[in-house]
Structure formats: C-alpha cells, structure tokens
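Per-entry structural report
Here is what each chain is made of, one letter per residue.
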Amino acid sequence: MSTENENNKKAFKESVKKKSQRKLNVRKQDERGLLYGFGMFGLVGWSVAIPTLVLLALGIWIDSTFKGPYSWTLMLLVLGIMIGCINAWYWVKKESE
C-alpha cells in the first residue's frame, strides 16, 4: 500500500510540475493572439465612438432648441472626437504596459 501511495505522490508531483512549466512557458512567450487584437480594436473603436455620438446628439439638440450663429453640432462633434482619441490613447497605453 505504501508503494501505491508513493507512486500516487510521484504522479501528482509530476503532473503539477508539467502544468507549472506550461504556465511559465506561456508567460515567457507573451504572444497575443488574434482575439486579443480584435478586442483591442473594439475597445479603441468604442472608446472613440461613444463620446463622439453623445456629444453629437447633444449638439443637434442644442442647435434645434436654441437658434444661434454658431453650429454646436460641429463644435461638439470635434470635441467628441478629441475626447474619444484621448480616451483611446489612454486605453492603448494602459494595455501596452
């Protein structure tokens, strides 16, 4: 019975060693796959699109509610794109670290 326990312990130790070695090898490679690229593409896209669309809608509402010499739609569209680009830059910088 003790030889069976020793064999089980050896098999368990070997299994743990193989799994930990696999994890270490994957961490050393640090290759990001295709899905990671698509995820970053989506993250950057949404981080630009959401502020742009929100400020665009706000600009359209201001222009339709209050008549004035300036186009709030265009000004807020440009501001939304700028905020979105800064937001995207932040997320890409954070992910690259």
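Below: a short report on this structure. Predicted, not measured: the structure shown is a model, and the values here were computed from it. (Residues numbered from 1 in each chain as written. Predicted model: local features only at pLDDT ≥ 70, side-chain atom pairs only at ≥ 80, totals over all residues. Heavy atoms only, no water.)

1. Thoughts on the overall build of the chain
Rule in force here: Helix numbers and strand numbers start at the N terminus; a helix is a DSSP run of H or I with at least 4 residues, a strand a run of E with at least 2. We compute the radius of gyration over the C-alpha atoms and compare it with the globule rule, which gives 2.2 Å times the number of residues raised to the power 0.38. Only protein chains enter the accessibility calculation, which uses a 1.4 Å probe; a residue whose area is less than 20% of its type maximum is buried, one above 50% is exposed, and one in between is partly exposed. By definition in these notes, contact holds between two residues if any of their heavy atoms fall within 4.5 Å. Where accessible areas are quoted, they stem from the Shrake-Rupley method and a 1.4 Å probe; at the residue level, only the protein chains shown are allowed to cover.
Secondary structure summary: the chain contains 3 helices and 0 strands in total. Sequence-ordered secondary structure for the chain, helices as α and strands as β, is α-α-α. Scaling as 2.2 N^0.38, a compact globule of 97 residues should have a C-alpha radius of gyration of about 13 Å, whereas the chain reaches 27 Å, well beyond that. Projecting the C-alpha coordinates of the chain onto the three principal axes gives extents of approximately 90 × 25 × 20 Å. For the chain, buried positions account for 12% of its 97 residues. Intrachain contacts of the chain at a sequence separation of at least 6 include 64% that bridge at least 24 residues. Accessible surface, the chain: about 8,400 Å² in total, of which carbon and sulfur atoms supply 67%.

2. Things to note about the side chain of Ser-47
For the record, the criterion: Any N or O atom pair separated by 3.5 Å or less is treated as a polar contact, with the protein-specific requirement of one donor-capable and one acceptor-capable atom, and with residues adjacent in sequence counted only for side-chain atom pairs.
Structurally, the position occupied by Ser-47 is in helix H2 (residues 34-65). Its relative accessible area of 6% is what places Ser-47 among the buried residues. At 2.9 Å, the side chain of Ser-47 and the backbone oxygen of Val-44 are in polar contact. Filtering out sequence-adjacent residues up to four positions away, Ser-47 remains in contact with Gly-84, Asn-87, Ala-88 and Trp-91.

3. Some words on H2
An α-helix turns once every 3.6 residues. As a result, residues three or four positions apart point the same way. We apply this condition: By this rule the span expected of a helix is its residue count minus one, scaled by 1.5 Å.
Over its 32 residues, H2 runs 46 Å from end to end, which matches the ideal 46 Å to within 8%, given 1.5 Å per residue. Among the residues of H2, those classed as buried are Met-40, Ser-47, Pro-51, Thr-52, Leu-55, Gly-59 and Ile-62. Packed against the buried residues of H2 are helix H3 (72-96).

4. Some points on the side chain of Thr-52
You can see Thr-52 is positioned in helix H2. Ignoring anything within four residues of it in the chain, the contact list for Thr-52 reads Leu-77, Gly-80 and Ile-81.

5. Description of the packing of H2 against H3
Let me state the cut-off plainly: A fitted line through C-alpha atoms represents every axis, and for helices the fit uses only the stretch in contact; the resulting angles, taken between N-to-C directions, go from 0 to 180 degrees. Any angle between 65 and 115 degrees counts as roughly perpendicular, while under 35 counts as roughly parallel, over 145 as roughly antiparallel, and the rest as oblique. Should the near helix be turned counterclockwise from the far one by less than a right angle, the crossing is left-handed, whereas a clockwise turn marks it as right-handed. Only Asp, Glu, Lys and Arg are considered charged, only Ala, Val, Leu, Ile, Met, Phe, Trp, Tyr, Cys and Pro nonpolar, and every remaining residue, Gly among them, polar.
Close contact between H2 and H3 brings their axes to 7 Å; oriented N to C, the two are set at 160°. When the interaxial angle is binned, H2 and H3 end up roughly antiparallel. Judged by the sense of rotation from one axis to the other, the crossing of H2 with H3 is right-handed. Class assignment of the residues belonging to the contact of H2 with H3 gives a composition of 21 nonpolar, 7 polar and 2 charged.

6. Thoughts on the environment of Val-78
Within the fold, Val-78 resides in helix H3. Residue classification places Val-78 among the partly exposed residues on the basis of a relative accessible area of 45%. Each C-alpha atom, one on Val-78 and one on Thr-52, is 7.9 Å from the other, the two residues being 26 residues apart in sequence.

7. Topic: the environment of Gly-80
Relative to the helices and strands, Gly-80 resides in helix H3. Of the residues examined, Gly-80 reaches a relative accessible area of 0% and is grouped as buried. Spatially, the C-alpha atom of Gly-80 lies 43 Å from that of Asn-25, the residues being 55 residues apart in sequence. Leaving out residues up to four positions away in the same chain, Gly-80 has contacts with Val-48, Pro-51, Thr-52 and Leu-55.

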